[in-house]
Amino acid sequence: MSEDDIERSQEMHVVHDGPRQPPPLLLIHGSGASGGFWGPVVPALAGHHHVIRVDLPGCGQSPPAPSYDVPAQARQVAVLLDDLGIRHVAVAGHSSGGYVATALAEQRPDLVGSLALISSGPSPDALLRQPFILRVLLAPPLGALLWSRRSDAMIRKGLSATAVRPVDLPDDVVADVRGITYRVMRTVLRQNTAYIAERSVPERLAALGAPVQVIFGAADPRWDPSSAHRYDAVPGARVELLPGVGHLPMLEAPETVGKLLLDFTAAGRRTEDP
């Protein structure tokens, strides 16, 4: 990846992987993360796609935004893709990134060809009691104080608490997480809940008619893994539960996730071909 592959568009940090000629694949990270979280699966994907990774507003290397509601973030992503000249794209979202992906497809069905959601809880009632370290870091008033004093070790511990298998978190990914403010994180979480409370993700996807793949860790400690089957209500959806995997499949089982995504996008292209 060269300097030419990193840019800023619409006040969002963008990284391009792979040649620009193959079909584009947009990767959207979840809350409290950055595009760097996709790192382990990118090499496999970039052999077949023009991979586009964004840092959502207020995350990673992207500056804050006036609004963090899910539709507003999706609109910003849509404008970015338009600026890049992307006319048709497959989109994969991790966790709440799946909500931004869904909202993008709702707003621009002409743009989004298919959707892959990884560890995206379908509705608020599927949320489990969160790992202790996350509850401490996010609950006011103590959380605000601890958040600003997080060490690298604490950040790694917090992220690892959502995984089941050991995960390798590079220093640049940890730095991305440290840059997210407590206010932004709390606001993003609140807006995510509002989006899926208004209408569940399976309901939204069923109304779209786009090809859908859902990948869930069978041992996800954040969302009830059995809730993945609520996506069975989406006509034609592929639902995959990964044994012994938690909330971070891209980091815990990158080879499996990469293969599932490539199989899914390849099937989508065959469907589109006359």
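For the structure, see preceding data.
Only a predicted model underlies this, so the values are computations on that prediction, with no experimental measurement involved.

Caption draft 1: Inspection of the overall build of the protein at higher detail. Along the protein, the regular secondary structure elements total eleven helices and eight strands. Against the globule reference of 19 Å for 274 residues, the protein gives a C-alpha radius of gyration of 17 Å, in line with a compact fold. Dimensions of the protein along its principal axes, counting C-alpha atoms only, are 60 × 40 × 35 Å. Residues counted as buried form 55% of the 274 residues belonging to the protein. In the protein, the share of contacts with a sequence separation of at least 24, taken over all contacts with a separation of at least 6, comes to 76%. Surface exposure of the protein reaches about 11600 Å², of which carbon and sulfur atoms provide 55%. Between the mean site of the 25 positive side-chain charges and the mean site of the 29 negative ones, the protein shows a separation of 7 Å.

Caption draft 2: Main features of the pairing of strand β4 (residues 50-55). In terms of burial, β4 is largely enclosed, as six of its six residues are buried. Of the two faces of β4, the one lined by H50, I52 and V54 and the one lined by V51, R53 and D55 are each fully buried. As judged from the five bridges shared by strand β2 (residues 12-17) and β4, these two strands associate in the antiparallel manner. By the bridge assignment, V14 is partnered in β4 with V54. By the bridge criterion, five bridges tie strand β3 (residues 24-28) to β4 in an arrangement that is parallel. When the sheet's bridge partners are listed, L27 is paired in β4 with R53.

Caption draft 3: Spotlight on the pattern of salt bridges. In this structure the tally under the stated criterion is nine salt bridges. A salt bridge links D17 to R53, with the shortest nitrogen-to-oxygen separation between them at 2.9 Å. Of the two residues, D17 is situated in strand β2 and R53 in strand β4; the sequence distance between them amounts to 36 residues. Using a relative accessible area of 11% as the deciding quantity, one classes R53 as buried.

Caption draft 4: Structural detail: the packing of aromatic side chains. Applying the stated rule across the entire model yields two aromatic pairs. Their ring planes at 40° and their centres at 6.2 Å tell us that Y99 and Y195 sit as a pair that is tilted. Here Y99, found in helix α3 (residues 97-107), pairs with Y195, found in helix α8 (residues 182-198); they are 96 residues apart in sequence, far enough to count as distant. As far as the burial class goes, Y99 and Y195 line up, both buried. Between the NZ or CZ atom of R150 and the centre of the ring of W147, over which it lies, the distance is 3.9 Å.

Caption draft 5: Examining the side chain of D55 more closely. Examined against the element boundaries, D55 turns out to sit in strand β4. Note on D55: relative accessible area 4%, which makes it buried. Side-chain polar atoms of D55 contact the backbone nitrogen of G35, separated by 2.8 Å. Aside from chain neighbours lying at most four places away, what touches D55 is M12, H13, H29, S34, G35, G60, Q61 and S62.

Caption draft 6: Spotlight on the pairing of strand β7 (residues 212-217). The element β7 is largely enclosed, with a buried count of six among its six residues. On β7, burial covers both faces: V212, V214 and F216 on one face and Q213, I215 and G217 on the other are all buried. The sheet contact formed by strand β6 (residues 112-118) and β7 spans four bridges and is parallel. Each bridged residue has a counterpart across the sheet, and for A116 the counterpart in β7 is Q213. As defined by bridge partners, β7 adjoins strand β8 (residues 238-242) across five bridges and the pair is classed as parallel. Looking at β8, one finds that I215 is bridged to E240.

Caption draft 7: Highlighting helix α7 (residues 171-178). Within α7, the full set of buried residues consists of V173, V174, D176 and V177. One side of α7 carries all its buried residues, which in axial view fall inside an arc of 155°. Buried residues along α7 sit against α6 (152-160).

Caption draft 8: Just the nonpolar core, in detail. The biggest cluster of nonpolar side chains holds 39 residues, and the ones touching the most others in it are L26, L81, V91 and L104. Within the second largest apolar cluster, 34 residues are counted, among which are A33, V41, V177 and L262.

Conventions used here
Residues numbered from 1 in each chain as written. Predicted model: local features only at pLDDT ≥ 70, side-chain atom pairs only at ≥ 80, totals over all residues. Heavy atoms only, no water. Helix = DSSP H or I, 4+ residues; strand = E, 2+ residues; numbered from the N terminus. Rg over C-alpha atoms; globule rule 2.2 N^0.38 Å. Buried < 20%, exposed > 50% of the residue type's maximum accessible area, 1.4 Å probe, protein only. Contact = heavy atoms within 4.5 Å. Areas by Shrake-Rupley, 256 points an atom, 1.4 Å probe, with all protein chains shown as cover. Lys, Arg positive; Asp, Glu negative; His and termini not counted. Charge placed at Lys NZ, Arg CZ, Asp CG, Glu CD. Pairing = 2+ DSSP bridges. Salt bridge = Lys/Arg side-chain N within 4 Å of Asp/Glu carboxyl O. Phe/Tyr/Trp six-rings, centres within 6.5 Å; stacked < 30°, edge-to-face > 60°. Lys NZ or Arg CZ within 6 Å of the ring centre and 35° of its normal. Polar contact = N/O pair within 3.5 Å; in protein donor to acceptor, adjacent residues only side chain to side chain. Arc of directions from axis to C-beta. Core = buried A, V, L, I, M, F, W, Y, C linked by side-chain atoms within 4.5 Å.

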